[in-house]
Amino acid sequence: MNIDSIKNGFVIDHITAGRAMQLYRMLGLDCLQCCVAVIQNVPSAKMGKKDIIKVDSSIDINLELIGFFSPNATVNVIREGRLIDKKHIDPPERLENIIRCKNPRCITTTEQEIKHIFVRSHSGEYRCLYCETRAN
Amino acid sequence: MRHIINILDLSVEEIEELMDTADDILANPGRYNEVCRHKILATLFFEPSTRTRLSFESAMLSLGGQVLGFSDSGSSSSAKGESVADTVAIVSGYADIIAMRHPKEGAPLVASMHSRVPVINAGDGGHYHPTQTLTDLLTIRHEKGRFENLTVGLCGDLKFGRPVHSLIEAMSRYAGVKFVLISPEELKLPSFVKQEFIKDKGIEYRQSRSLDDVIGDLDILYMTRVQKERFFNEEDYLRLKDTYILTPEKMKLARPDMIVMHPLPRVNEISTAVDDDPRACYFRQAYYGRFVRMALIMKLLGVHAE
Ligand SMILES: [Zn+2]
């Protein structure tokens with residue numbers, strides 16, 4: 001398992017330990033035909049433990065989703081075996097159609113074709129735009 | 001175009017302006033009885049609330065406008081499965097302003113995203129009810145003459161009582177306001193409301209389980225219903241309910257200029273023997289509701305008296 005084994009693709013590093021499998025599914029990586037490595041509980045000086053995902057394919061990924069699930073993550077972009085970009089992912093201000101509201105009294109539970117929107121508050125938590133219920 | 005979904009959609013200055021308009025309407029109703037001529041208010045009530053609907057309709061008729069609408073979802077297209085977005089897209093072509101009530105939280109916000117005319121939230125499932133809060137504010141300004149330096153006691157169900165949360169949010173913007181939170185342990189104010197609108201703003205407050213202990217300190221006593229279904233068992237309810245019922249005996253402990261408010265309807269939390277006390281202003285509060293809605297309709301339609 002090392003970065004040289006990726007020719008064209010990316011490495012999602014510094015994922016909060018334990019979140020990699022969830023992120024793997026949310027990003028739809030389980031549907032890819034290319035090499036994908038999910039590495040869990042890697043020792044990290046900064047974080048104690050972290051997860052890493054390596055993908056050997058230059059697909060578009062949803063950076064917002066990564067920012068939401070793991071606010072400290074970085075994405076290293078690899079082209080022709082070389083690191084060409086290192087992105088620090090900031091938590092997104094707004095999530096559109098990524099998660100759903102859990103409040104049974106929320107309009108999103110009945111209204112058809114509504115966008116499921118969550119907005120980041122001052123304190124950093126995400127709340128449903130319509131009913132302000134906290135995302136968990 | 002403005003919509004009013006939450007009381008905090010209005011700035012302190014705008015609330016002041018609405019109160020001034022409402023005051024002028026109360027003093028000179030004749031000046032306003034034609035200002036909304038040829039304008040139409042649609043009252044879209046996806047769940048029944050007769051008092052709120054009549055208050056909106058009376059407000060529009062008093063301004064010389066006209067009203068149309070429905071008063072429960074059984075008689076509307078939503079019974080056939082039409083979305084809020086579609087209903088409002090169509091109705092906003094028939095009216096100049098919409099007042100909407102809906103059992104689902106956030107429905108008026110969805111409506112505002114699809115409407116060509118201003119939308120007023122007339123209550124969304126116990127979430128927001130900004131015209132109730134405006135009514136409360138007009139009552140306070142009328143009866144006390146100011147918003148600043150008031151000690152506001154909130155009594156009863158502070159956990160689920162949305163009018164209480166909105167009033168705290170609105171009053172927390174004025175200098176020198178103090179809150180006294182009076183409730184049983186089971187119905188305490190939710191910690192996020194306390195944190196965001198009281199503690200973070202450095203507002204003075206105290207909590208009490210007894211109304212008798214604190215009633216003498218209050219300028220305003222805002223009563224709410226303590227509902228049986230909020231308790232886990234019958235004994236707890238029976239043990240606690242009398243503590244939060246306002247009686248003439250308790251009123252003897254209050255200041256001579258304290259006012260008693262209640263969003264109505266009440267069940268038994270204010271004894272009818274209190275009604276004749278001049279400090280009981282809950283029926284005047286209901287009366288003010290019409291004038292504040294008139295002021296709000298005028299503001300959103302951008303019309304003024306000559
Ligand atoms: Zn929601």
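Scroll up to find the structure.
Residues numbered from 1 in each chain as written. Chains lettered and ligands numbered in written order. Predicted model: local features only at pLDDT ≥ 70, side-chain atom pairs only at ≥ 80, totals over all residues. Heavy atoms only, no water.

Participant: How do you make sense of the layout of surface pockets when you look at a structure like this?
Facilitator: Take a probe with the size of a water molecule and roll it over the atoms, and the empty space left behind shows itself. Residue and element names in this part refer to chain B. The volume enclosed by the largest pocket comes to roughly 1000 Å³. Secondary structure elements with two or more residues in the lining of the largest pocket: helix 6 (162-171) and helix 7 (191-199). In terms of residue class, the lining of the largest pocket is built from eight nonpolar, eleven polar and twelve charged. Counting contributing residues, the lining of the largest pocket receives three or more from each of domain 1 (7-128 + 289-301) and domain 2 (130-285). Taken as a whole, the second largest pocket holds about 800 Å³ of empty space. Looking at the second largest pocket, it is lined by 34 residues, and the ones nearest its centre are His-129, Gln-132, Pro-163, Pro-263 and Leu-264. Listing elements by their share of the lining of the second largest pocket, those giving two or more residues are helix 2 (50-62), strand 4 (119-124), helix 5 (130-144), helix 6 and helix 11 (282-301). (1 Å grid on protein atoms, 1.4 Å probe; cavity = no way out; pocket = protein on both sides within 12 Å on 5 of 7 lines; lining within 4 Å. Points joined across faces, edges and corners; volume = space filled by probe spheres on them. Helix = DSSP H or I, 4+ residues; strand = E, 2+ residues; numbered from the N terminus. Nonpolar A, V, L, I, M, F, W, Y, C, P; charged D, E, K, R; others polar. Domains from an automatic or database assignment.)

Participant: In this structure, what is going on with the interface of chain B and chain A? I would like to understand it.
Facilitator: Where interface size is quoted, it is often the accessible area lost as the parts come together. Counting residues at the interface gives 15 residues for chain B and 14 residues for chain A. Taking both sides of the interface into account, the surface hidden between chain B and chain A amounts to around 1200 Å²; carbon and sulfur atoms contribute 49%. For the chain B face of the interface with chain A, the top three residues by lost area are Lys-104, Glu-105 and Val-110 of chain B, together amounting to 44%. Across the contact surface, chain B and chain A share one salt bridge. Arg-105 of chain A is the partner of Glu-105 of chain B in a salt bridge, and the nearest nitrogen-oxygen pair spans 3.0 Å. Linking chain B with chain A are ten residue pairs in polar contact (both at pLDDT 80 or more), by the criterion used here. Mapped by element, the contributors of at least two residues to the side of chain B that touches chain A are helix 3 (84-91) and helix 4 (107-114) of chain B. Per-element tally for the side of chain B that touches chain A: the top contributor is helix 4 of chain B, with four residues. The class makeup of the residues in the side of chain B that touches chain A is eight nonpolar, five polar and two charged. (Contact = heavy atoms within 4.5 Å. Buried area = accessible area lost by both parts, 1.4 Å probe. Salt bridge = Lys/Arg side-chain N within 4 Å of Asp/Glu carboxyl O. Polar contact = N/O pair within 3.5 Å; in protein donor to acceptor, adjacent residues only side chain to side chain.)

Participant: Explanation requested: the pattern of salt bridges in the structure shown.
Facilitator: Residues and elements named next belong to chain B. Summed over all chains, the structure comprises 28 salt bridges over all chains. Between Glu-14 and Lys-299 there is a salt bridge whose closest N-O contact spans 3.3 Å. You can see Glu-14 sitting in helix 1 (residues 12-27) and its partner Lys-299 sitting in helix 11, a full 285 residues away along the chain. Among the residues examined, Glu-14 registers a relative accessible area of 15% and is labelled buried. Glu-34 is the salt-bridge partner of Arg-37, the closest N and O atoms lying 3.0 Å from each other. Given a relative accessible area of 44%, Glu-34 falls into the partly exposed group. Among the ionic contacts, a cluster of salt bridges with common partners joins Arg-2, Glu-14, Glu-17 and Lys-299. (Buried < 20%, exposed > 50% of the residue type's maximum accessible area, 1.4 Å probe, protein only.)

It is worth stressing that arrangement in space is one thing and function is another; only the former is reported here.
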